[in-house]
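Notes for the structure review
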Amino acid sequence: MFFVDILETEGLGNRSYLAGGARTALVVDPPRDIDRVIAAAARRGVRIAAVAETHVHNDYVTGGLELARLTGARYLVPAGASVAYARVAVADGDAEEIDEGLVLRAVATPGHTPHHTSYVLEEDGRAVAAFTGGSLLTGSVGRPDLVEPRLTEQLARAQHASAHRLAAELAEDVAVMPTHGFGSFCSASQADGDHSTIGTEKAANPALLQDVETFVEELLTGLDDVPAYYAHMGPANAAGPAPVDLTAPERADAGEIARRLAAGEWVVDLRNRVAFSEGHVAGSFNFEVGGRLATYLAWMMPWGKPVTLLAESAEGISRAQRELARVGIDRPAAAAVGSPADWTGAGAPLASFPRATFADLAAARERGEAPVVLDVRRDGERSDGWIEGSVHIPVHQVHQRLGEVPAGTVWVHCAGGMRAAIAASVLDAGGRDVVAVDDGYAAAADAGLALVAPAQY
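Residues numbered from 1 in each chain as written. Predicted model: local features only at pLDDT ≥ 70, side-chain atom pairs only at ≥ 80, totals over all residues. Heavy atoms only, no water.

1. A short note on the pairing of strand β8 (residues 102-108)
Two strands pair when backbone bridges link them, and strand β7 (residues 95-99) and β8 are joined in this way by 4 bridges, in the antiparallel orientation. Each bridged residue has a counterpart across the sheet, and for A95 the counterpart in β8 is R105. Here β7 hands over to β8 after 2 residues, with G101 in that stretch at a positive phi of 80°. As judged from the 7 bridges shared by β8 and strand β9 (residues 117-123), these two strands associate in the antiparallel manner. Following the sheet pairing, A106 is matched in β9 by Y119. (Pairing = 2+ DSSP bridges. Helix = DSSP H or I, 4+ residues; strand = E, 2+ residues; numbered from the N terminus.)

Set out below in structure tokens:
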């Protein structure tokens, strides 16, 4: 009997897979922190015989090269991918024996990238699972615009053809196991559900329900922002990532933290947004360790800028370091644990700002106040409607566009509170009076705030 274990990387919205039989297994699209993969194989009591990449990833640094080196596994990489290291170049139709009765078959599925390859796991000649990477996702497909703008429409059409090829060649009960689509910005749109099959996708996936012209038009119209750090992931993966180093960073005292802030470096407070708002080191930024830290910090921080991490415990530093390594931020410049009182000089005052709800914002307007309302949601979210009179700057642009925020106290909101807290910390560090709206956007209407619908604009 075969098995497939899912290895979640929730902060990036991705999945890797360990699949195999009684003695040996393969890993598909492994994360950078391969100790998790090795531990999963040890729990199964299997040897990793093959490591397979569906494509050169644009959203995270792969651990595939190092995993193959450490385990002696065959490293399967699509033949069309231009890489700088030795690997087993895989072409359409190639097969790799994984265990007795288990074979992995390569299926060319261009679209997310020109060289994208899916892998079908066959047990005794019958397909049982399809590792679809960034091709056919749960209710969607991988976005086609991450390689080269001039290729985007061509790749979108290829995505449609690849999805139809998988649907035509595989039985309806074959499990669909994508890498992207669980919050990843590599997905063309977000989808729900933890499990899918070819039959499920035939019934619900636009790529399999729409004609190619409709599909391409809607796909390209619906593409969201691309995180800035994606530009560095593909080259890193093509060159061959260095082994990850998760040893503890250098510890910083209050003086060191102050010196790094004065030098213009980023000091990141990993505590929850409530604790941060109540008291923090002036000039520090708040990225909650449990709040998609890697995505938003890597998106906003100038690439290569030294970063110092602050957390309540060594465990918080370790968790953040692991998440950041997955996107190529390998070594924090320094770190400190404890509380804000430990991170500032003796007697130095802490910075703080208030939190509020949409009802509080409505009450402030009713009192005749004229707060600046800053919406930091993405363009796609804003297009569904917004608070009347609000200013819009997506969170990943706030640090670059502080000069565009009107004078006055700034009430900053997003869809749920996490991104508002990030933006509020950036505004606070920039010397602005700020209120972080820690509330779900649906509460804006309930509070009686005037909303603008797209048709009214």
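Still to come is the rest of the account.
2. Description of the packing of aromatic side chains
Aromatic ring pairs: the centre-centre distance and the angle between the two ring planes describe each pair. This model, assessed by the stated rule, comprises 8 aromatic pairs. Relative to Y85, the ring of Y75 lies with its centre 5.8 Å away and its plane at 25°, an arrangement referred to as stacked. Here Y75 is found in strand β5 (residues 74-78), whereas its partner Y85 is found in the loop between β5 and β6 (88-90), with 10 residues between them in sequence. Assessed through its relative accessible area of 4%, Y75 is described here as buried. Here Y85 falls in the buried class, since its relative accessible area comes to 14%. Their ring planes at 35° and their centres at 6.4 Å tell us that W266 and F287 sit as a pair that is tilted. Residue W266 is found in strand β13 (residues 266-269), and its partner F287 is found in the loop between β14 (285-286) and α10 (293-300); the two are separated by 21 residues along the sequence. (Phe/Tyr/Trp six-rings, centres within 6.5 Å; stacked < 30°, edge-to-face > 60°. Buried < 20%, exposed > 50% of the residue type's maximum accessible area, 1.4 Å probe, protein only.)

3. Regarding the sheet that holds β14
Pairing in this open sheet of 4 strands is parallel, and the strands run β14-β13-β15-β16 from one edge to the other. Across the chains shown, the open sheet's two edge strands, defined by having one partner strand only, are β14 and β16 (334-337). Pairing of strand β15 (residues 307-311) with β16 involves 4 bridges; the strand directions are parallel. Pairing of L309 across the sheet is with A335, part of β16.

4. A closer look at the side chain of T9
Residue placement: T9 occurs in strand β1 (residues 3-9). For T9, the contacting residues outside a window of four places in its chain are N14, P31, R36 and R326. (Contact = heavy atoms within 4.5 Å.)

5. Re the packing of helix α3 (residues 152-169) against helix α6 (residues 212-221)
Where α3 meets α6, the closest approach of the two axes is 9 Å, and the angle between their N-to-C directions is 125°. Taken together, the axis directions place α3 and α6 in an arrangement best described as oblique. Handedness of the α3/α6 crossing: right-handed. Every residue of α6 that contacts α3 at T152, E153, A156, R157, Q159 and H160 is listed here: V212, E213, F215, V216, L219 and L220. By residue class, the composition of the contact of α3 with α6 is 6 nonpolar, 3 polar and 3 charged. (Axes fitted to C-alpha atoms, helices over the stretch in contact; angles between N-to-C directions. Parallel < 35°, antiparallel > 145°, perpendicular 65-115°, else oblique. Left-handed = near helix turned anticlockwise from the far one by under 90°. Nonpolar A, V, L, I, M, F, W, Y, C, P; charged D, E, K, R; others polar.)

6. Regarding the sheet that holds strand β12 (residues 196-197)
Judged by pairing direction, the sheet is mixed, and its 6 strands sit side by side in the order β7-β8-β9-β10-β11-β12 without closing on themselves. Of all strands in the sheet, those bounded by a partner on one side alone are β7 and β12. In this sheet, strand β10 (residues 126-133) lies alongside β9 in antiparallel orientation, the contact comprising 5 bridges. The partner of V120 across the bridge, within β10, is A130.

7. Section: α3
Residues three or four positions apart in an α-helix share a direction because the helix packs 3.6 residues into each turn. In a regular helix each residue adds 1.5 Å, so 18 residues correspond to 26 Å; α3 covers 26 Å between its end C-alpha atoms and thus fits that length. All buried positions along α3 are accounted for by T152, L155, A156, A158, Q159, H160, S162, A163, L166 and A167. (Expected span 1.5 Å × (residues − 1).)

8. Some thoughts on the pairing of strand β3 (residues 24-28)
For β3, a buried count of 5 out of 5 residues is recorded, marking the element as mostly surrounded by other parts of the structure. Neither face of β3 is exposed, since T24, L26 and V28 on one face and A25 and V27 on the opposite face are all buried. Hairpin connection from strand β2 (residues 14-20) to β3: 3 residues lie between these consecutive antiparallel strands. Taken together, the 5 bridges between β3 and strand β4 (residues 47-52) define a ladder with parallel strand orientation. Following the sheet pairing, T24 is matched in β4 by R47. As a crossover connection, the stretch from β3 through helix α1 (residues 35-44) into β4 is right-handed. (Right-handed = clockwise from strand over helix to strand, strands pointing away.)

9. Some details on unusual backbone geometry
Backbone geometry places D124, a non-glycine residue, at a positive phi of 50°. Turning to its location among the elements, D124 is positioned in the loop between β9 and β10. The backbone of R292 shows a phi angle near 60°, a positive value even though the residue is not glycine. Examined against the element boundaries, R292 turns out to sit in the loop between β14 and α10. The exposure class assigned to R292 is partly exposed, which follows from its relative accessible area of 23%.

10. Here's the deal with the pattern of salt bridges
Following the criterion strictly, the structure yields 36 salt bridges and no others. Between D92 and R165 there is a salt bridge whose closest N-O contact spans 3.1 Å. With D92 in the loop between β6 and β7 and R165 in helix α3, this residue pair connects regions lying 73 residues apart in the sequence. Classification of D92 by relative accessible area gives partly exposed; the value is 43%. One salt bridge connects R355 with D438, and the closest N-O pair in it is separated by 2.9 Å. (Salt bridge = Lys/Arg side-chain N within 4 Å of Asp/Glu carboxyl O.)

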